[in-house]
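# Architecture at a glance
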Amino acid sequence: MTSHTSSPSQPSPGFYSPHQLQPENSVGYLMRKVMTSIRTQADAQLSTHDLTYAQWLPLFKISRCPTTTVASLARDLETDPASMTRALDRLEAKGLVARERSTTDRRVVQLALTPEGDKVAAQVPPVLADVLNGHLSDFTHDEWQLLLRLLRRMLANGEALRQQRGADAD
C-alpha cells in the first residue's frame, strides 16, 4: 500500500490535470476572485476620498516605505513604469504625492507623501483591515494562521520554480 501524503523531501502528487481543470476548483482562479472582491470592497469604501485602487495602493505603499522610488514602486506593485507614472501624475495633481529627482542619479525619482497625502494614506489601513476582516469573518484564529502559512508556502514554491526555471535557461 502506498501513502498519498508527501514528506518535505518528496514531491507532492499532481493535484490538477489538463482535462479535469475547472475554474471553481482552481487555486489561481479562486485567489484572483478573492483579490477582486477585496479590491472592489476597498474601492467602494475609499471612493469617498476620491481614490481608485490604482491610486490608494501606491499611497499606502509610499506611506510604509519612506525611501520609495518610481521604479521600486512599479516593481512592488507589479505594474509597468508607464502605468505607475500615470497613477503618480494623478496623485501629484491631487496634491498627495511629491516627486524629486535624486541628486546623485538623475534617473532615479524619489517619492514622498505630502501632508495631505499622509492624511489620505492614513485612511487606507482601517479600510483594508475592515475589508479583510469581513472576508475572514467566519474563520477561526487558527484557520487564519493556517491560511497565511499555506499562502506563504505557495509563494515559496513559486519562487523555487522561478529560480529553477532561471537556472534551466542558463
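Residues numbered from 1 in each chain as written. Predicted model: local features only at pLDDT ≥ 70, side-chain atom pairs only at ≥ 80, totals over all residues. Heavy atoms only, no water.

The protein chain is annotated in an unreviewed UniProt entry as MarR family winged helix-turn-helix transcriptional regulator from Acidovorax facilis.

### What about the side chain of Ser26?
Note the threshold: For the purposes of this entry, the term helix denotes a DSSP run of H or I that reaches at least four residues, the term strand denotes a run of E that reaches at least two, and both are numbered from the N terminus. A simple rule labels every residue: compare its accessible area, found with a 1.4 Å probe on the protein chains alone, to the largest value its type can have, and call it buried under 20%, exposed over 50%, or partly exposed in between. Contacts are residue-level and defined by heavy atoms, with any inter-residue pair within 4.5 Å sufficient.
As for its placement among the helices and strands, Ser26 is situated in the segment before helix H1 (27-46). On the basis of relative accessibility, which here comes to 14%, the residue Ser26 falls in the buried class. Once residues within four sequence positions are removed from consideration, Ser26 is found in contact with Tyr16 and Leu21.

### Considering the environment of Thr48
What counts is decided by this rule: Two N or O atoms count as a polar contact when they lie within 3.5 Å, although within protein this holds only if one can serve as hydrogen donor and the other as acceptor, and sequence-adjacent residues are included solely when both atoms are side-chain atoms.
Looking at the secondary structure, you find Thr48 in the loop between H1 and helix H2 (53-64). Taking the relative accessible area as the measure of exposure, Thr48 reaches 64% and is therefore exposed. Polar side-chain contacts of Thr48 include one of 3.2 Å to the backbone oxygen of Gln45.

### Points about the UniProt feature "domain: HTH marR-type" (unreviewed entry) in the protein chain
Basically, it comes down to this: UniProt positions are given in the numbering used here, feature names are shortened, and annotations may be inferred rather than shown by experiment.
Following the UniProt record, the feature "domain: HTH marR-type" (unreviewed entry) maps to residues 24-156 here. Helix makes up 65% of residues 24-156 and strand 8%, and the two end C-alpha atoms of the span are 24 Å apart.

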